Amino acid sequence: MKQAGFPLGILLLFWVSYITDFSLVLLIKGGTLSGTDTYQSLVNKTFGFPGYLLLSVLQFLYPFIVDPENLFIGRHFIIVLTTIVFTLPLSLYRDIAKLGKISLISTVLTTVILGIAMARVISLGPHIPKTEDAWVFAKPNAIQAVGVMSFAFICHHNCFLVYGSLEERTVAKWSRIIHVSTLVSVLISILFATCGYLTFTGFTQGDLFENYCRNDDLVTFGRFCYGVTVILTYPIECFVTREVIANVFFGGNLSSVFHIIVTVVIITIATFVSLLIDCLGIVLELNGVLCAAPLIFIIPSACYLKLSEEPRTHSDKIMSCVMLPMGAVVMVVGFVMAVTNPQDCTHGQEMFYCFPDNVSLTNISVSRFQLTTQLSVLNISTFQ
């Protein structure tokens, strides 16, 4: 919302969700037309080995572009501990269907986090100054925002795995599931985006939780819930990465020993990356434009256009012809903007409104420059 402008941001969320819905159905249609049952085999049959290799790289990279003096409460220790105790054991499952109940828990926790964000709109929002450009219709970084939104909706890399776990595998049933799932997802996304932006407007961080104060116990509980959702959902991403390795290097099958070894290697590398990066915003942007955009916009459209024998005037073909160049624009322009103008990140520092004794919150039209200056002064005085 901060990058795109609040009204345009809402419209873009609906647009990205519609594209996601359409492209997920398109993938399964492409699989049916080509007689394939995986994303990789679909692209391999459509575009040969070069396309297969490109998709494998994108699917493999997607989970990796993610993100106190006391050692035992420090960020690094907690990440390593939870990875060993929770993430690794869950990632060792061989059947993705077994992760369904775990994902349900994650969904419930997401609802709890949303409730916390909604509560803070009422209790915290009125006390935070609104930036002067808070309600403009559109901002020049809208394409950059599409990359983040694409990250939020990407699930194409594991859609064939989920489709294969259905008892009744038909395009019609898959379409119904996707329509409902996408509708629920976009509603949750809009609520999150609206609550976050209404509370913090132009001060919204790439990681929304960085906007809240450290002494806010309710939000701290929300951070805990969010951490649990990451722990519970990452095994699905690991499942996809492991499948890519199995297909590329082991002919599609991993022995029990190699299954464990490959899983441990994937988790170790991903954990190492997360230890090095503490700013979620740039992670979401780069992942969105480099991986999510081609997986959502470009590849499903290209496969369907090449495989389908429908006339050019068919609605699916027209939509695919629109999606493909749009995806290319989002990927190229979004990457340039993400590198040259990354999202803000305070790296754990308190925001200025967390110091009520030092900052007056009565002026609700303070400019962004003035508040940034105040924040810098506060940081200097605090750490001195």
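Starting afresh in each chain, residues are numbered from 1 along the sequence in its written order. Where totals are concerned, whole chains, interfaces and linings use all residues; where local detail is concerned, this predicted model gives features only for residues with pLDDT of at least 70, and gives and counts side-chain atom pairs only at 80 or more. To get the side-chain values, take all heavy atoms of the structure and skip hydrogens and water.

**Observations concerning the packing of helix 1 (residues 6–34) against helix 10 (residues 280–307)**
Stage number 1. Helix axes are fitted to C-alpha atoms over the stretch in contact, other axes to C-alpha atoms as well, and angles between N-to-C directions run from 0 to 180 degrees. In this text, helices come from DSSP runs of H or I with a minimum length of four residues, and strands from runs of E with a minimum of two, each type numbered from the N-terminal end. For the pair helix 1 and helix 10, the least separation of the axes is 9 Å and the interaxial angle reads 40°. Between helix 1 and helix 10, the interaxial angle falls into the category oblique. In the packing of helix 1 onto helix 10, the handedness of the crossing is left-handed. When helix 1 is examined against helix 10, the residues Trp15, Ile19, Thr20, Ser23, Leu26, Leu27, Lys29, Gly30, Leu33 and Ser34 are found in contact with a partner set consisting of Ile296, Phe297, Pro300, Ser301, Tyr304 and Leu307.
Stage number 2. Residue classes in the contact of helix 1 with helix 10 are distributed as ten nonpolar, five polar and one charged. What sets the label is the angle itself: under 35 degrees gives roughly parallel, over 145 gives roughly antiparallel, 65 to 115 gives roughly perpendicular, and the rest give oblique. Crossing handedness: left-handed means the near helix sits turned counterclockwise from the far one by under a right angle, and right-handed means the same turn made clockwise. We call two residues in contact when some of their heavy atoms are within 4.5 Å. Under the scheme applied here, ten amino acids are nonpolar (Ala, Val, Leu, Ile, Met, Phe, Trp, Tyr, Cys and Pro), four are charged (Asp, Glu, Lys and Arg), and all others, including Gly, are polar.

**Comments concerning helix 2 (residues 39–61)**
The periodicity of an α-helix, 3.6 residues per turn, causes residues three or four places apart in sequence to face the same way.
Stage number 1. Taking 1.5 Å per residue as the helical rise, helix 2 with its 23 residues ought to reach 33 Å, whereas the 15 Å between its terminal C-alpha atoms falls clearly short.
Stage number 2. Where helix 2 bends most, at phenylalanine 47, the angle is about 140°, and the proline proline 50 comes one to four residues later.
Stage number 3. Relative accessibility decides the category of a residue: with a 1.4 Å probe and only protein chains considered, values under 20% of the type maximum give buried, values over 50% give exposed, and everything between is partly exposed. Buried residues of helix 2: Tyr39, Gln40, Leu42, Val43, Thr46, Gly51, Tyr52, Leu55, Ser56, Leu58 and Gln59, and no others.
Stage number 4. Considering only its buried residues, helix 2 is in contact with helix 1, helix 6 (159–164), helix 8 (217–249) and helix 10. Each residue after the first adds 1.5 Å to the expected span of a helix. The quantity called bend is, for any residue, the angle between two axes fitted respectively to the seven residues ending at it and the seven beginning at it.

**Let's talk about the packing of aromatic side chains**
Stage number 1. Whether two aromatic rings pair depends on their centres lying within 6.5 Å, for rings of Phe, Tyr and Trp, where Trp uses its six-membered ring; planes under 30 degrees apart make the pair stacked, over 60 edge-to-face, and the rest tilted. Tallied over the entire structure, the rule returns 15 aromatic pairs.
Stage number 2. On the numbers, 5.6 Å between centres and 15° between planes, the contact of phenylalanine 6 with tyrosine 197 is stacked. When sorted by exposure, phenylalanine 6 lands in the same class as tyrosine 197, which is buried.
Stage number 3. Grouped by ring-pair contacts, the aromatic residues Phe200, Phe203, Phe209, Tyr212, Tyr226, Phe352 and Tyr353 constitute a single cluster.
Stage number 4. It is arginine 242 that lies over the ring of phenylalanine 239; its NZ or CZ is 5.1 Å from the centre. Any Lys NZ or Arg CZ that is within 6 Å of a ring centre and within 35 degrees of that ring's normal is treated as a charge sitting over the ring.

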